[in-house]
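Structural overview for review
The residues making up each chain are set out below.
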Amino acid sequence: DTAVSQTPKYLVTQMGNDKSIKCEQNLGHDTMYWYKQDSKKFLKIMFSYNNKELIINETVPNRFSPKSPDKAHLNLHINSLELGDSAVYFCASSHAGTSYTGELFFGEGSRLTVL
Amino acid sequence: AQTVTQSQPEMSVQEAETVTLSCTYDTSESNYYLFWYKQPPSRQMILVIRQEAYKQQNATENRFSVNFQKAAKSFSLKISDSQLGDTAMYFCAFMKRKGAQKLVFGQGTRLTINP
């Protein structure tokens, strides 16, 4: 049973299109994240949600809109895709509060290629 | 703002040798976590080892151990008896213990274990 699952794992699309990546975790965690890994392998946080509430928004263009329908799901919608959006997007989750250990559990990543 | 620096973009050793990956960080926080994550070619981010800054004892996990020097803000990873399966990108990461749970990653070190 996959703990943090993302779909799709690969996505190829044209510039200007709109696309979504979905993420689900079955670990009972309160906090979920989106990270972006660029072509040089550098990882940077984009968003964080705690119990469906946006906690972190790291100067990401407003073409990126996260949505958390419940605390087990965090989706990422991207409008008007640009070449520079090509990257691997990782979803992650963690405990919060008294169960907090700092450890994040990552999904397998979704590789987005914009042509 | 916190920064994490890994000064070794690539390293290569023979199987069964010991290898040490370097990491330095900059922060004004006194209470935080440090991590080493492994990213094999499969792309999945896997936690290797975790250190809490208030603990003076260095963390160990089987063949993996760290040398945590808080005053020097240094956090190196030692892999003993290296195995072919250790071939991966290794990321050092920092997280404040309080406030927004945000992992700040280093640039990564690509480690190759040769047979």
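See above for the structure.
Thresholds, definitions, all that
Residues numbered from 1 in each chain as written. Chains lettered and ligands numbered in written order. Predicted model: local features only at pLDDT ≥ 70, side-chain atom pairs only at ≥ 80, totals over all residues. Heavy atoms only, no water. Contact = heavy atoms within 4.5 Å. Buried area = accessible area lost by both parts, 1.4 Å probe. Salt bridge = Lys/Arg side-chain N within 4 Å of Asp/Glu carboxyl O. Polar contact = N/O pair within 3.5 Å; in protein donor to acceptor, adjacent residues only side chain to side chain. Buried < 20%, exposed > 50% of the residue type's maximum accessible area, 1.4 Å probe, protein only. Helix = DSSP H or I, 4+ residues; strand = E, 2+ residues; numbered from the N terminus. Pairing = 2+ DSSP bridges. 1 Å grid on protein atoms, 1.4 Å probe; cavity = no way out; pocket = protein on both sides within 12 Å on 5 of 7 lines; lining within 4 Å. Points joined across faces, edges and corners; volume = space filled by probe spheres on them. Nonpolar A, V, L, I, M, F, W, Y, C, P; charged D, E, K, R; others polar. Core = buried A, V, L, I, M, F, W, Y, C linked by side-chain atoms within 4.5 Å. Disulfide = S-S within 2.5 Å.

**Details of the interface of chain A and chain B**
It is common to report an interface's size as the accessible area lost on association of the parts. If you look at the interface, chain A gives 29 residues, while chain B gives 22 residues. Buried area between chain A and chain B, both sides added, is near 2,000 Å², and the carbon and sulfur share of it is 54%. Counting across the chain A and chain B interface gives 1 salt bridge. Among the ionic pairs, Glu58(A) bridges to Lys102(B), the shortest N-O distance being 3.1 Å. Here chain A and chain B share 8 residue pairs in polar contact (both at pLDDT 80 or more) between them.

**Some thoughts on the pairing of strand β2 (residues 10-13) of chain A**
Consecutive side chains of a regular strand alternate in pointing toward one face of the sheet and then the other. Residues and elements named next belong to chain A. Of the two faces of β2, the one lined by Leu11 and Thr13 is fully buried and the one lined by Tyr10 and Val12 carries no buried residue. Taken together, the 4 bridges between β2 and strand β11 (residues 110-114) define a ladder with parallel strand orientation. Considered in β11, the bridge of Tyr10 is made with Arg111.

**Topic: the layout of surface pockets**
For the largest pocket, the calculated volume is near 260 Å³. Forming the boundary of the largest pocket are 14 residues, of which Phe42(A), Lys44(A), Gln2(B), Val104(B) and Phe105(B) lie nearest the centre. Put simply, the parts of the chain that give the lining of the largest pocket at least two residues each are β5 (43-50) of chain A together with β1 (3-5) and β11 (104-105) of chain B. If you tally residues by element for the lining of the largest pocket, the top one is β5(A), at 3 residues. Across the lining of the largest pocket, the residue classes tally to 9 nonpolar, 2 polar and 3 charged.

**As for the nonpolar core**
Residues and elements named next belong to chain B. Membership of the largest hydrophobic core comes to 26 residues, with the highest contact counts inside it found for Tyr25, Trp36, Phe75, Leu77 and Tyr90. Sorting the residues of this core by element identifies β3 (19-21), β5 (32-39), β6 (46-52), β8 (64-69), β9 (74-79), β10 (88-96) and β12 (109-114) as the ones contributing at least two each. At 4 residues, β10 tops the list of elements feeding residues into this core.

**Concerning the state of the cysteines**
This model, assessed by the stated rule, comprises 2 disulfides over all chains. Here Cys23(A) is linked by a disulfide to Cys91(A), with a sulfur-sulfur distance of 1.8 Å. The sign of the -80° torsion about the S-S bond sets the Cys23(A)-Cys91(A) disulfide as left-handed. Taken together, the residues span a long stretch of sequence, with Cys23(A) in strand β3 (residues 19-25) and Cys91(A) in strand β9 (residues 87-94) at a distance of 68 residues. Note on accessibility: Cys23(A) and Cys91(A) belong to one class, buried. Bridging Cys23(B) to Cys92(B), the disulfide has an S-S length of 2.0 Å.

**As for the environment of Ser22(B)**
Residue and element names in this part refer to chain B. Within the element layout of this structure, Ser22 appears in the loop between β3 and β4 (24-26). A relative accessible area of 28% means that Ser22 is categorised as partly exposed. Put simply, Ser22 and Ser76 are 54 residues apart on the chain and 4.5 Å apart in space, counted from C-alpha to C-alpha.

**Re the pattern of salt bridges**
Working definition: two side chains of opposite charge can pair if their charged atoms are close together. Residues and elements named next belong to chain B. Evaluation of the coordinates by the stated rule reveals 11 salt bridges over all chains. Ionic pairing is found between Lys73 and Asp26, a salt bridge with its closest N-O pair at 3.8 Å. Residue Lys73 is found in the loop between β8 and β9, and its partner Asp26 is found in strand β4; the two are separated by 47 residues along the sequence. Asp26 gets classed as partly exposed once you look at its relative accessible area, which sits at 43%. Of the charged contacts in the structure, one is a salt bridge between Arg50 and Glu52, with a shortest N-O distance of 3.6 Å.

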